[in-house]
Amino acid sequence: VSDLMDNYAIYFGHVLSNSFYPVLHRAIGVGSAFEGWSPREQDVVYRVLIPMTPPRGHSFHLELDGAEQRQVRNFRVRVQLECTCTREQQGDNMLCFLHHPEEELRSNQDPSLLDTLCTGSYLDVQKTARWFYQLVRAIWPALPQSHNWHLTLLPSRRSCQFKVTKGTESFRIEMLFGVRRDDSHVFVSSQPREACTESTTWPESYAVAETEFFKHVAREAPPDSLHLRCLQFFARLPLGLGFSTYAMKTIVMHLLNAIPVSPWRRRHFLDRLEDIIDSLCLCLLAKRLNHFVVGNTRLPGHIKLPTDVQTAQTYNLFHHLAQQSDAQSVALSEYQAL
């Protein structure tokens with residue numbers, strides 16, 4: 001999957017080098033498949049995040065959607081035209097979108113990003129996804145993998161999903177896309193959090209920061225560490241409605257950040273499973289499970305967060321237990337069954 005993404009990145013660079021579409025950078029593997037604990041090995045989805053930066057003559061400005069009082073934060077990506085007259089004077093053949101007549105621009109230059117992938121002044125997720133599908137389909141025949149593998153595009157409105165197959169072997173890949181916040185491991189991405197997410201809404205994503213944390217643990221862990229097996233053990237269980245796989249992942253990340261990596265060896269397997277289940281119980285009783293990234297000042301130093309994310313008040317993944325009167329009793333019942 002990584003080789004395929006690297007090949008796509010090379011051709012993205014060739015095809016888009018002189019265009020006014022977003023500049024696409026090397027894919028970053030995120031989620032359980034790249035963190036090493038996929039719940040179902042026979043049905044793995046390899047998710048990658050494609051960082052985007054603005055093309056020449058454009059700039060991106062992230063605007064926090066303050067209208068929604070939710071625990072998770074949504075952004076919009078405002079696209080703004082920038083003056084390129086000085087570049088033209090230096091021999092660049094690009095016309096300035098701001099200062100050349102519209103008729104001359106229409107006749108001699110491709111349309112700006114505002115006219116292709118935006119709704120109003122804002123980058124549109126669904127238009128960007130359709131553009132990604134066209135790119136993936138058009139570039140595929142040029143890739144070395146196309147000689148032995150078959151490409152099947154899968155429907156999606158906010159990402160580009162496809163499957164590559166060779167005989168009985170297949171890989172399902174989801175290409176998300178996003179804009180990096182400052183010089184950090186936090187992005188605004190195309191992955192939705194609700195069933196109906198507006199096409200100009202880009203939720204804040206901590207997936208890259210979480211993957212970086214698992215890489216950090218892997219570097220520190222002994223060869224026989226079973227921390228991923230512990231997480232996989234709970235991820236494969238039929239969890240109840242009160243706690244999701246992501247909640248179990250969050251609990252394990254908190255424990256990995258609090259307990260030295262050495263006691264996660266094979267001989268400590270049952271002890272660590274008990275730690276995880278005991279932590280779940282305490283969180284259910286307290287009706288609180290803190291998000292692992294937001295507001296966490298104890299992350300490894302190389303994981304970079306925007307200042308407002310690092311200093312923010314963390315949000316509660318179990319807020320529904322506090323809001324719904326019978327939710328806690330249902331969750332505790334499911335915990336007993338677990």
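- Looking at an unreviewed UniProt entry, the chain carries the name IPIL1 protein, with the source organism given as Polioptila caerulea.

**Thoughts on the nonpolar core**
So, step 1. Ranked by size, the top nonpolar core spans 46 residues in total, and within it Phe243, Ile276, Leu280, Leu284, Val293, Leu305 and Phe318 carry the most contacts.
So, step 2. Elements that contribute at least two residues to this core include exactly helix 6 (207-220), helix 7 (227-235), helix 8 (245-258), helix 9 (269-286) and helix 12 (327-337).
So, step 3. Summarising the domain contributions, this core has at least three residues from each of domain 1 (1-206) and domain 2 (221-336).
So, step 4. Every residue in contact with Leu305, bar those within four places of it in the chain, is listed here: Ser184, Val186, Ala209, Val293, Asn296, Leu299 and Gln310.
So, step 5. Grouped together as the second largest cluster of nonpolar side chains are 38 residues, Ile139, Trp149, Leu151 and Phe162 included.

**What to know about the packing of aromatic side chains**
So, step 1. By the definition in use, this model includes 14 aromatic pairs.
So, step 2. Plain terms: the ring middles of Phe213 and Phe214 are 6.1 Å apart, the flat faces sit at 75 degrees to each other, and that makes the pair edge-to-face. With respect to class, Phe213 is no different from Phe214; both count as buried.
So, step 3. Cluster of aromatic residues (ring-pair linked, three or more members): Tyr8, Phe12, Tyr21, Trp131, Phe132, Phe162, Phe177 and Trp202.
So, step 4. Just above the ring of Tyr122 sits the side chain of Arg76; from NZ or CZ to the centre is 3.9 Å.

**Digging into the layout of surface pockets**
So, step 1. As a volume, the largest pocket reaches approximately 1200 Å³.
So, step 2. Mapped by element, the contributors of at least two residues to the lining of the largest pocket are helix 2 (32-35), strand 3 (45-53), strand 12 (202-205), helix 6, helix 8 and helix 11 (319-323).
So, step 3. The leading source of residues in the lining of the largest pocket is helix 8, at four residues.
So, step 4. Across the lining of the largest pocket, the residue classes tally to 19 nonpolar, 14 polar and ten charged.
So, step 5. Summarising the domain contributions, the lining of the largest pocket has at least three residues from each of domain 1 (1-206) and domain 2 (221-336).

**Describing the domain arrangement of the chain**
So, step 1. When cut into domains, the chain gives domain 1 (1-206) and domain 2 (221-336).
So, step 2. At the interface, 17 residues of domain 1 touch 21 residues of domain 2.
So, step 3. Connecting domain 1 to domain 2 are four salt bridges.
So, step 4. Linking Arg73 and Asp308 is a salt bridge whose minimum nitrogen-to-oxygen distance equals 2.8 Å.

Cut-offs applied
- Residues numbered from 1 in each chain as written.
- Predicted model: local features only at pLDDT ≥ 70, side-chain atom pairs only at ≥ 80, totals over all residues.
- Heavy atoms only, no water.
- Core = buried A, V, L, I, M, F, W, Y, C linked by side-chain atoms within 4.5 Å.
- Buried < 20%, exposed > 50% of the residue type's maximum accessible area, 1.4 Å probe, protein only.
- Helix = DSSP H or I, 4+ residues; strand = E, 2+ residues; numbered from the N terminus.
- Domains from an automatic or database assignment.
- Contact = heavy atoms within 4.5 Å.
- Phe/Tyr/Trp six-rings, centres within 6.5 Å; stacked < 30°, edge-to-face > 60°.
- Lys NZ or Arg CZ within 6 Å of the ring centre and 35° of its normal.
- 1 Å grid on protein atoms, 1.4 Å probe; cavity = no way out; pocket = protein on both sides within 12 Å on 5 of 7 lines; lining within 4 Å.
- Points joined across faces, edges and corners; volume = space filled by probe spheres on them.
- Nonpolar A, V, L, I, M, F, W, Y, C, P; charged D, E, K, R; others polar.
- Salt bridge = Lys/Arg side-chain N within 4 Å of Asp/Glu carboxyl O.

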